[in-house]
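Results of the structural survey
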Amino acid sequence: MFEIPVSTPQKAIIVQIEVTSLQKDQLAINAFAEFKELCKSSGVRILDEISGKQATPIASNFLKKGKIEEIKRSLEETCAEIVIFNHALSPSQERNLENAFKVRVVDRTGLILDIFASRASTHIGKLQVELAQLTHLSTRLIRAWTHLERQKGGIGLRGPGETQLETDKRLINNRIKTIKARLAKSHKQKRINQYSRTKSRNKLVALVGYTNAGKTTLFNRLTDNEQYAADKLFATLDSVTRKNIDPELSSILFSDTVGFISDLPTQLIESFKGTLDELKSADLLLHVVDISDPDYRFKITQVNLLLEELEISNIPQIRINNKSDLKNYKNFQSKSDIALGEIWISAEKNLGLEELREAISNSLFEGIYKGWVTLDATLGNIRSKLYSMGCILEEKINNKGLMYLNINIGNDELHRFLNINGFNLIDDNIDFIK
Ligand SMILES: Nc1nc2c(ncn2[C@@H]2O[C@H](COP(=O)(O)OP(=O)(O)OP(=O)(O)O)[C@@H](O)[C@H]2O)c(=O)[nH]1
Ligand SMILES: [Mg+2]
């Protein structure tokens, strides 16, 4: 229905200004490199990179006069068709800059929305991105119209212009309503599925972390899946939940989701809230970190801020220091780190996954009991329950009907079963607590 600008022109000038008054406590060392990566992900060709330092942003058009002149000169030399800013610009700043440059200006929000739009593949993912774009677009449409009016001289065109604007606004609002209703329906269905999961006592472990940390690579290892993992930002947009492949952790579901980035546009957080809300039902978060990244500390902070915003910072967390093959893995893995809730792994090289599985089961089940138990002949219902939980590895029955079961079960569950008369550990001396 709407022409949504999803493809950006090819030739671009990119701009990043160090605004000293806006500086956060901690700064990314490689902010410019990440910005360039975002630009490349959106498919533009960078012809010039402009950086600078300013005490404060200028209200009218963000930049100081000198910078504007510098960019104008660069535009003349390079014939670039677009100027991309690594900052969130207000609609009026964007408008004023476009008037000065006579080319399209895209801010960090527009850039990230553009990448999301090109990556979305599932029904829900596409709807969520469209919702974010429409919200972003609704303020910018007014600008496009004002632009038009100014170009045509305004007088006499004011009426039709306004009518058009009203129509556009109405259409956009209708579309936003439709999308919200559809998303609500899809998420309701997902919640029903979550309810059945709770009933079946499966635990949910969610992988979270900065984009490109290696979440999907690890998810594929843990669940024997082949989800798309790639060395680019926002390779994953949609959540996927799968059962793990390890028989020792049979009742765990893992969930992979969209990666985070600093200054994630609020429209995106709002639109993706449904997907991200699923994280709320997680029993454990695996916070995947690219430990080879010089900015890893900054990125951990950014992820934790988003977890707080999403109200899930209270869920237990294990920090996974991934890509440790790039940092001489052997020097890092140690029990003391595990005790601190940190595990060093390499998802790609398959290192440290045993330790990770152990840490997961310790966190979720207070450890795992693996061994034989006996069940009186009358406890057929308990046997069925253990089968439905996927805990039974082997079974034998003696001639009196006594059942011998080789089971694999979390200690928390085991404690519950031990309260049942007729359910006994074969070797009472077995130390089953961790
Ligand atoms: N050297 C090394 N590279 C890794 C490791 N794990 C993942 N990678 C690479 O890192 C890149 C990103 O991996 P993904 O699994 O797509 O990362 P992600 O966190 O899912 O990223 P998004 O979905 O974009 O948020 C890929 O090129 C992987 O091959 C690792 O342990 N070591
Ligand atoms: Mg991914």
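Residues numbered from 1 in each chain as written. Chains lettered and ligands numbered in written order. Predicted model: local features only at pLDDT ≥ 70, side-chain atom pairs only at ≥ 80, totals over all residues. Heavy atoms only, no water.

Turning next to the coordination of the magnesium ion (ligand 2). Donor atoms from the polypeptide that coordinate the magnesium ion (ligand 2) comprise Thr-216 (OG1) and Thr-236 (OG1), at 2.0 Å from the metal. On the criterion of sequence distance, the pair formed by Thr-216 in helix α7 (residues 215–223) and Thr-236 in the loop between α7 and β6 (240–243) is long-range, its members being 20 residues apart. By the burial criterion, Thr-216 is buried, and Thr-236 matches it. (Donors = N, O, S within 2.8 Å, 3.2 Å for Na, K, Ca; no water. Helix = DSSP H or I, 4+ residues; strand = E, 2+ residues; numbered from the N terminus. Buried < 20%, exposed > 50% of the residue type's maximum accessible area, 1.4 Å probe, protein only.)

Moving on, we get to the pairing of strand β13 (residues 403–410). The buried fraction of β13 is high, at seven of eight residues. Inspection of the sheet shows strand β11 (residues 368–375) paired to β13 by eight bridges, in the antiparallel sense. Residue pairing for β13: Tyr-369 is matched across the bridge by Ile-409. Across five bridges, strand β12 (residues 392–397) lies against β13 in antiparallel orientation. From the neighbouring strand, Ile-392 faces β13, where its bridge partner is Ile-407. The loop that links β12 with its antiparallel partner β13 comprises five residues; one of these, Gly-401, has a positive phi angle of about 85°. (Pairing = 2+ DSSP bridges.)

A separate point is helix α1 (residues 31–41). The periodicity of an α-helix, 3.6 residues per turn, causes residues three or four positions apart to be oriented the same way. Listed as buried for α1 are Phe-32, Glu-34, Phe-35, Leu-38, Cys-39 and Ser-41. For α1, the secondary structure elements touched by its buried residues are β1 (11–19), β2 (45–54), β3 (82–85), α4 (108–119) and α10 (296–309). Once α1 finishes, Gly-43 follows within two positions and takes phi at roughly 90°, a positive value. (Contact = heavy atoms within 4.5 Å.)

Moving on, we come to the sheet that holds β1. Taken in spatial order, the four strands line up as β2-β1-β3-β4 in an open sheet, and their pairing is parallel. Of all strands in the sheet, those bounded by a partner on one side alone are β2 and β4 (104–106). With direction set aside, neighbouring strand axes in the sheet form an average angle of 20°. Here β1 runs beside β3; their pairing, made up of four bridges, is parallel. Bridge assignment links Val-15 to a residue of β3, and that residue is Phe-85. Strands β1, β2 and β3 of the sheet are contacted by helix α2 (residues 65–78), whose axis makes an angle of about 170° with β2. (Axes fitted to C-alpha atoms, helices over the stretch in contact; angles between N-to-C directions.)

Our next topic: the environment of His-287. The topology assignment puts His-287 in strand β8 (residues 284–290). Distance in space between the C-alpha atoms of His-287 and Leu-207 is 6.1 Å, their sequence separation being 80 residues. Beyond its immediate sequence surroundings of up to four residues, His-287 is in contact with Val-208, Gly-209, Ile-300, Val-303, Asn-304, Gln-317, Ile-318, Arg-319 and Ile-320. Among the polar contacts made by the side chain of His-287, one reaches the side chain of Gln-317 at a distance of 3.3 Å. (Polar contact = N/O pair within 3.5 Å; in protein donor to acceptor, adjacent residues only side chain to side chain.)

Take the side chain of Asn-86 next. Position of Asn-86 among the secondary structure elements: in the loop between β3 and α3 (91–101). Taking the relative accessible area as the measure of exposure, Asn-86 reaches 11% and is therefore buried. A distance of 2.5 Å separates polar atoms of two side chains, one belonging to Asn-86 and the other to Gln-16. There is a polar contact of 2.7 Å between the side chain of Asn-86 and the side chain of Arg-108. For Asn-86, the residues in contact, after removing those within four places along its chain, are Val-15, Gln-16, Ala-31, Phe-35 and Arg-108.

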